[in-house]
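Working through the structure, step by step
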Amino acid sequence: MKWQLDGASERTEPTASEERKHMITYDRLFIGGSWVEPSNPELLDIVSPHDQSVVARAAQAQPADIDRAVAAARASFEAGVWRLTPPAERIALLRRFNALREENAEKIAHLISLENGSAGWFTRAGQPGLSRQANAYLKAAEEFGWEETLVPSDPAAPVRSVVRREAVGVVAAVIPWNSPFSSATSKIIPALVTGNSVVLKVSPENSLSMGFLAELLEQVGLPEGVISVLPADRETSEYLVSHKEIDKIAFTGSTRAGRRIASLAGEQLKRVSLELGGKSAAIILPDADIEKAVAGVKFGSLLNNGESCIAQTRILAPRSRYEEVVAALKELVESLKVGDPNDPDTFIGPMIRPDQQERVRNYIQLGIDEGARLVTGGPHIPEGLEKGNYVTPTVFADVDNSMRIAQEEIFGPVLVVIAYDDEDDAVRIANDSEYGLSGGVWSADEGHALEVARRVRTGTITVNGASVAFDGPFGGFKASGIGREYGAVGIGTYTEYKTITV
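Source: prediction; values computed, not measured. (Residues numbered from 1 in each chain as written. Predicted model: local features only at pLDDT ≥ 70, side-chain atom pairs only at ≥ 80, totals over all residues. Heavy atoms only, no water.)

Let's talk about the side chain of Asn 401
Relative to the helices and strands, Asn 401 is located in the loop between β16 (392-397) and α13 (404-407). Of the polar contacts made by the side chain of Asn 401, one reaches the side chain of Arg 314; its length is 3.0 Å. If near-sequence neighbours (up to four positions away) are discounted, Asn 401 is found in contact with Arg 314, Ala 406, Gln 407, Ile 418, Ile 429 and Asp 432. (Helix = DSSP H or I, 4+ residues; strand = E, 2+ residues; numbered from the N terminus. Polar contact = N/O pair within 3.5 Å; in protein donor to acceptor, adjacent residues only side chain to side chain. Contact = heavy atoms within 4.5 Å.)

This is the structure we're talking about:
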């Protein structure tokens with residue numbers, strides 16, 4: 001048995017024995033397209049961030065399981081069972097995968113909320129985005145230049161060049177826990193559509209949603225060995241990325257972990273792409289509609305409980321309207337319901353783990369100690385939610401950009417409001433960060449906002465709350481990463497150039 005959905009949840013108060021009997025369980029690992037016995041039969045308890053109850057149990061990969069998965073991937077790649085499949089057929093199969101995922105969107109949203117504590121509005125709202133992401137990749141693949149014959153620069157030259165884009169080889173895709181499906185599909189779709197074999201390493205906390213992802217991939221019918229999905233801890237992840245048979249590492253996660261992976265990749269000259277942390281700024285220009293800007297902050301800065309690398313958590317406000325912005329943010333944050341992620345009225349759920357809860361609360365206390373003005377919130381746990389990993393959404397004002405709460409990624413619902421003198425000062429503050437992943441500009445003049453956006457050194461930036469466009473490249477400047485995802489550029493990172501002269 002691979003998994004079993006909790007039938008007891010339909011009753012009001014299931015007993016402990018009923019919960020154990022009907023608990024979701026993954027007691028096998030998905031290696032090379034098949035469910036196999038793990039090297040370690042002990043199952044990990046998956047704990048609800050909402051109330052610390054055990055909601056599932058799942059097998060976890062060990063180095064021996066990594067060896068099996070990588071060997072299967074290498075064998076499939078060298079045999080060419082997927083690599084030599086025509087691109088049109090690979091695209092068609094991945095379209096079937098996307099359709100299957102769309103059919104199960106509600107279940108996917110439920111599983112992510114159950115394991116992550118992500119509010120239901122967020123996990124459901126993210127499902128259409130997964131479709132747009134996949135469709136953008138597959139449209140780009142249909143138009144991709146798999147092979148091109150170059151026109152000789154010298155007509156008298158006796159040779160012509162044929163340039164091919166071929167699969168890199170065996171890809172280790174390593175993803176974080178905060179948005180598991182989006183992180184997974186942003187890697188496996190371009191890696192697979194280009195003919196690579198993939199070992200997807202997922203966080204133990206995401207054993208439910210990623211186990212279900214493996215079931216969907218099983219139904220699609222990829223050739224044997226092409227895809228594995230393995231939940232595993234950090235040490236096993238390092239074993240995977242260090243494996244001599246891995247040709248490329250695609251990683252999303254913290255900048256600290258990204259630096260470690262880059263150093264390991266450098267030792268073995270592995271190809272690497274890294275999508276890392278952020279501390280993004282939202283610049284509210286003096287002519288902006290404050291009500292609209294703050295409404296945009298609700299989603300651009302506090303999405304997924306604040307556990308998002310693209311969250312715009314530094315709010316830059318002009319001194320002429322500073323207190324107006326602070327008051328509006330206070331009213332917004334205090335209006336947001338914090339609680340059970342399954343409650344349709346909840347906007348902010350719990351942090352994923354107790355250590356993440358403690359990390360965020362410590363940063364809130366740090367902000368107080370640094371001398372920032374506590375506008376709303378604080379390090380206390382919201383009343384009545386003491387059993388879960390909850391924090392109180394917090395806004396700080398009178399923040400200097402040199403403070404740690406303005407420079408370090410907190411990964412929780414904590415906003416800092418920073419005053420600026422003029423437009424040049426706003427751009428300077430926005431760029432005064434080791435990160436450069438995302439950001440935003442708000443103005444009544446869209447053209448002028450675009451001019452300001454061009455000056456901010458960040459990989460992606462929105463104007464007046466625009467949503468992410470999946471056909472354009474996504475990634476970061478500076479310590480926010482190396483390489484890009486999405487669209488044709490993202491596909492290209494999973495290929496090597498080969499030139500044949502004739």
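Describing the sheet that holds strand β14 (residues 314-318)
Strands sit in the order β15-β16-β17-β14-β13-β19-β20 across an open sheet of seven strands; the sheet is mixed. Two strands bound the open sheet, and with one partner strand each, they are β15 (373-378) and β20 (462-463). Across five bridges, β14 lies against strand β17 (residues 414-420) in parallel orientation. If you follow Ile 315 over to β17, its bridge partner there is Val 417. Relative to strand β19 (residues 439-442), helix α10 (residues 290-300) is tilted by about 165°, and along the sheet it contacts β13 (281-284), β14, β17 and β19. Sitting on the sheet, helix α12 (residues 354-370) is in contact with β15, β16 and β17, with an inclination near 25° to β16. (Pairing = 2+ DSSP bridges. Axes fitted to C-alpha atoms, helices over the stretch in contact; angles between N-to-C directions.)

Quick word on the pairing of strand β7 (residues 161-167)
Counting buried residues in β7 gives five out of seven residues, a clear majority hidden from the surface. Pairing of strand β6 (residues 147-150) with β7, which is carried by four bridges, proceeds in the antiparallel orientation. Along β7, the bridge assignment pairs Glu 147 with Arg 164. (Buried < 20%, exposed > 50% of the residue type's maximum accessible area, 1.4 Å probe, protein only.)

Focus: the UniProt feature "domain: Aldehyde dehydrogenase" (unreviewed entry) in the protein
Listed under "domain: Aldehyde dehydrogenase" (unreviewed entry) in the UniProt record, and renumbered for this structure, are residues 35-500. Helix and strand shares over residues 35-500 are 41% and 21% respectively, and the end C-alpha atoms of the span are 41 Å apart. (UniProt positions renumbered as here; feature names shortened; annotations may be inferred.)

A short note on the packing of α10 against helix α11 (residues 322-335)
Axis separation between α10 and α11 bottoms out at 10 Å; the angle between their running directions is 45°. If you check the angle between α10 and α11, you find them oblique. Helix-helix and strand crossings are classified by hand; for α10 and α11 the assignment is right-handed. Along the contact surface, α10 presents Ile 290, Val 294, Val 297 and Lys 298, while α11 presents Glu 324, Val 325, Ala 328, Leu 329 and Leu 332. A per-class count over the contact of α10 with α11 returns seven nonpolar, no polar and two charged. (Parallel < 35°, antiparallel > 145°, perpendicular 65-115°, else oblique. Left-handed = near helix turned anticlockwise from the far one by under 90°. Nonpolar A, V, L, I, M, F, W, Y, C, P; charged D, E, K, R; others polar.)

Let's talk about the sheet that holds β6
Here three strands make up an open sheet; going across it, the order is β6-β7-β23 and the pairing antiparallel. The sheet terminates laterally at β6 and β23 (495-501), the two strands that pair on one side only. Ignoring which end each strand starts from, the neighbouring axes of this sheet average 25° apart. Relative to β23, β7 runs antiparallel, the two sharing seven bridges. Residue Glu 166 lies in a different strand from β23, and its bridge partner there is Glu 496.

With respect to the pairing of β19
Burial along β19 is two-sided: the face carrying Gly 439 and Val 441 and the face carrying Gly 440 and Trp 442 are both buried. Here four bridges tie β13 to β19, and the two strands are oriented parallel to one another. If you follow Ala 282 over to β19, its bridge partner there is Gly 440. Across two bridges, β19 lies against β20 in parallel orientation. If you follow Gly 440 over to β20, its bridge partner there is Thr 462. Assessed by its sense of winding, the connection that carries the chain from β19 through helix α15 (residues 446-455) to β20 is right-handed. (Right-handed = clockwise from strand over helix to strand, strands pointing away.)

Comments concerning the UniProt feature "active site" (unreviewed entry) in the protein
Following the UniProt record, one finds the feature "active site" (unreviewed entry) at Glu 275. Overall, the relative accessible area of 7% leaves Glu 275 in the buried class. Setting aside its immediate chain neighbours within four residues, Glu 275 contacts Phe 251, Thr 252, Gly 253, Cys 309, Leu 437, Phe 474, Ser 480 and Glu 485.

Focus on the packing of aromatic side chains
This model, assessed by the stated rule, comprises 11 aromatic pairs. Ring plane angle 15° and centroid distance 4.6 Å describe the contact between Trp 121 and Phe 347, whose orientation is recorded as stacked. Here Trp 121, found in helix α5 (residues 120-142), pairs with Phe 347, found in the loop between α11 and α12; they are 226 residues apart in sequence, far enough to count as distant. Judged on exposure class, the residue Trp 121 and its partner Phe 347 are both buried. For the pair Tyr 137 and Tyr 486, a centre-to-centre distance of 6.3 Å together with 75° between the ring planes defines the contact as edge-to-face. Taken together, the positions of Tyr 137 in helix α5 and Tyr 486 in the loop between β22 (481-482) and α16 (487-492) put the pair 349 residues apart, joining distant regions of the chain. (Phe/Tyr/Trp six-rings, centres within 6.5 Å; stacked < 30°, edge-to-face > 60°.)

Quick notes on the environment of Val 272
As for its placement among the helices and strands, Val 272 is situated in strand β12 (residues 271-275). On the basis of relative accessibility, which here comes to 25%, the residue Val 272 falls in the partly exposed class. Through-space distance from the C-alpha of Val 272 to that of Asp 247 is 8.8 Å; in sequence the pair is 25 residues apart. If we skip the residues at most four places from it in the chain, Val 272 touches Lys 248, Ile 249, Ile 261 and Ala 265.

Some words on the side chain of Thr 236
Tracing the sequence through the fold places Thr 236 in helix α8 (residues 234-241). Residue classification places Thr 236 among the buried positions, given a relative accessible area of 3%. At 2.9 Å, the side chain of Thr 236 forms a polar contact with the side chain of Asp 233. Excluding residues within four positions of it along the chain, Thr 236 makes contact with Ala 61, Gln 62, Pro 63 and Ile 66.

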